[in-house]
Amino acid sequence: MWTFFKSIRTVRDISFDAAAKLMRVDCREGEVGWQDLTRTLLLYGPPGTGKSWIARAMGNSAGFSVVTGTFGQWQAAGHLGDMLREMRRTFSQARAQAPTVLIIDEIDAVGSREDRDRDRHNHSYRVQVINAFLAEMDAVAREEGVIVIGTCNHPDLIDPAVLRAGRFDMKVALPLPDADGLFSVFRHCLPDLREVDLRDLAARAVGCSAADIDAAIRQTRAIARGQKRDMTLDDLRQVFILDHDPAIDRRVALHECGHAIICAALNLGPVRRIFLNRDGGGGTVFTAREKPGLLSDLQDRLTQILAGRAAERLVIGDISAGAGGSADSDLAQATMIATSIQTRYGLGAQGPVWTADPETLIALDPDVLFRVRRELEAAEKRAVQILSVHRNLLEEMAEALMASRDMDRTEAQDWLARVRHTAPDDDHNARPAPQPE
Ligand SMILES: Nc1ncnc2c1ncn2[C@@H]1O[C@H](COP(=O)(O)OP(=O)(O)OP(=O)(O)O)[C@@H](O)[C@H]1O
Ligand SMILES: [Mg+2]
């Protein structure tokens, strides 16, 4: 059982059922030695994905006592001395009630000793808090009986010493659930509904968190109760109604399938998920194959990133703003890579010159801007060329995605089996790295 614990990586593996089974091992009966267990787990991901919920469920289903603490609660006790006393009290309580699951929610509030810039005058406070916290973590690690589960939204804000192996051995991302994950949440909340109806609700809810669903169901039930009747399936369908223009859905579906097809054509790595969100957005998730970072590798990646725009252009004839906007949009990512080719990776016209501030350089130097633009345009053109060979597949796959709204790895692979691999010199405008002029 615990070996399974050692191998969990994704939300699907750590679905509620699995988590519950996980902790059912009774260490006291010596099934697995305490020293062989993974005793520290960090669950991280966006708000409302069920991190705290799973942590509690793990403790409860194992029959362990559950003790919780947060830095916020400890800080509310007062000045540094009071704060540290509260923190130590939580850890001693966990030890006294062993076997215990000690849940430290919002553990990213611990901050980092390396982060000197954010509120400089709090730096020494933070250092003392982190040092005391590390001492407590090491103390529980030396004894038997306490499993520590930290949860947070931003693991990148946490001091590296807190995250290192031995303090948090296992780190598991809990992203927003896919349609299967949503189905489990609906089934848990609405055990009387038929599977087919739960699946339909789950497909409509792609893009929601577990917390969103829980809140929506409670609100719908309260409204029905206010009208002195039971909540019906129709009430729920109304809440999770998909009321945006199907033409937008089609555009997003083509855009995402464009990303996926290029991923397969250029052999960039297996596509794990393609989905349409209920807010009119979508996503394609793939596991990037490791590459040496040649100019051609970066150009392949640019082609894949710009394939969404390329698919819109090819099939609909125009492009939307959907590839741009935020700092993590397709255009932002592609511009960053193309700029780095010129200014950071030593693969552009500046030769090996590394630049500290490429964003400013691109704004100030028309030559860099021109080269970046040319790189992006070439990548998008290449994506259009590859997609035009797969146009039927693109349109059929987009129709299927509009129907299911969420394709898992198996379904995506079934479609992508039809993609013709593109050998580097088939299509390629892969140019040699430009020489300094
Ligand atoms: N697997 C699940 N099945 C059913 N309901 C769930 C599940 N996971 C979470 N929920 C519901 O979603 C709510 C929010 O979950 P939780 O508080 O664990 O989110 P979180 O990831 O800790 O969020 P935050 O990052 O904001 O702390 C829970 O109160 C619970 O009602
Ligand atoms: Mg939480």
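From a predicted model like this one, the values you see are computed outputs, not experimental measurements. (Residues numbered from 1 in each chain as written. Chains lettered and ligands numbered in written order. Predicted model: local features only at pLDDT ≥ 70, side-chain atom pairs only at ≥ 80, totals over all residues. Heavy atoms only, no water.)

Asks: Sorry, what's going on with the site of ligand 1 here?
Replies: In the region of ligand 1, 13 residues are neighbours, and Gly 48, Lys 51, Ser 52, Trp 53 and Asn 153 sit closest. Between ligand 1 and Gly 48, the relevant distance is 2.8 Å, taken from an oxygen atom to a main-chain nitrogen or oxygen of the residue. Here an oxygen atom of ligand 1 sits 3.0 Å away from a polar atom, N or O, in the main chain of Gly 50. Out of a free accessible area of 630 Å², ligand 1 has 76% covered by protein chains. Elements that contribute at least two residues to the shell around ligand 1 include exactly helix H3 (51-62), helix H8 (179-189) and helix H10 (210-226). Each of domain 1 (2-173) and domain 2 (179-239) accounts for three or more of the residues forming the shell around ligand 1. (Near = heavy atom within 4 Å. Polar contact = N/O pair within 3.5 Å; in protein donor to acceptor, adjacent residues only side chain to side chain. Areas by Shrake-Rupley, 256 points an atom, 1.4 Å probe, with all protein chains shown as cover. Helix = DSSP H or I, 4+ residues; strand = E, 2+ residues; numbered from the N terminus. Domains from an automatic or database assignment.)

Asks: Got a minute to help me understand the packing of helix H14 (residues 307-315) against helix H18 (residues 391-404) in this structure?
Replies: Where H14 contacts H18, the two axes come as close as 11 Å, and the packing angle between them is 100°. The angle between H14 and H18 places the two elements in the roughly perpendicular class. Residues Ala 311, Leu 314 and Val 315 of H14 touch H18, and the partners they reach there are Arg 391, Leu 394 and Glu 395. Residues that form the contact of H14 with H18 fall into these classes: four nonpolar, no polar and two charged. (Axes fitted to C-alpha atoms, helices over the stretch in contact; angles between N-to-C directions. Parallel < 35°, antiparallel > 145°, perpendicular 65-115°, else oblique. Contact = heavy atoms within 4.5 Å. Nonpolar A, V, L, I, M, F, W, Y, C, P; charged D, E, K, R; others polar.)

Asks: Mind showing me how you'd approach the environment of Met 83 here?
Replies: Structurally, Met 83 is set in helix H5 (residues 80-96). Met 83 sits 46 residues away from Val 129 along the chain, and the two C-alpha atoms are 8.4 Å apart. Those residues within four positions of Met 83 in sequence are excluded, and the remaining contacts are Phe 71, Trp 74, Gln 75, Ala 77, Gly 78, Tyr 125 and Val 129.

Asks: In this structure, what is going on with the packing of aromatic side chains? I would like to understand it.
Replies: Aromatic rings considered in pairs are described by the distance between their centres and by the relative angle of their planes. Under the counting rule described, the total for this entry stands at five aromatic pairs. Consider the rings of Phe 71 and Trp 74, whose centres lie 5.0 Å apart with planes at 75°: the pair is edge-to-face. Within this pair, Phe 71 and its partner Trp 74 are both found in helix H4 (residues 71-76), separated by three residues, close to a single helical turn. Between Phe 91 and Phe 133, the aromatic rings sit 5.9 Å apart at their centres with planes inclined by 70°, giving edge-to-face as the arrangement. Taken together, the positions of Phe 91 in helix H5 and Phe 133 in helix H6 (residues 123-142) put the pair 42 residues apart, joining distant regions of the chain. Exposure remark for Phe 91: the relative accessible area of 0% places this residue in the buried category. On the accessibility criterion, Phe 133 (0% relative accessible area) is buried. Among the aromatic residues, ring-to-ring pairing joins Phe 71, Trp 74, Phe 91 and Phe 133 into one connected group. One cation-aromatic arrangement involves Arg 199 over Phe 183; the distance from NZ or CZ to the ring centre is 3.7 Å. (Phe/Tyr/Trp six-rings, centres within 6.5 Å; stacked < 30°, edge-to-face > 60°. Buried < 20%, exposed > 50% of the residue type's maximum accessible area, 1.4 Å probe, protein only. Lys NZ or Arg CZ within 6 Å of the ring centre and 35° of its normal.)

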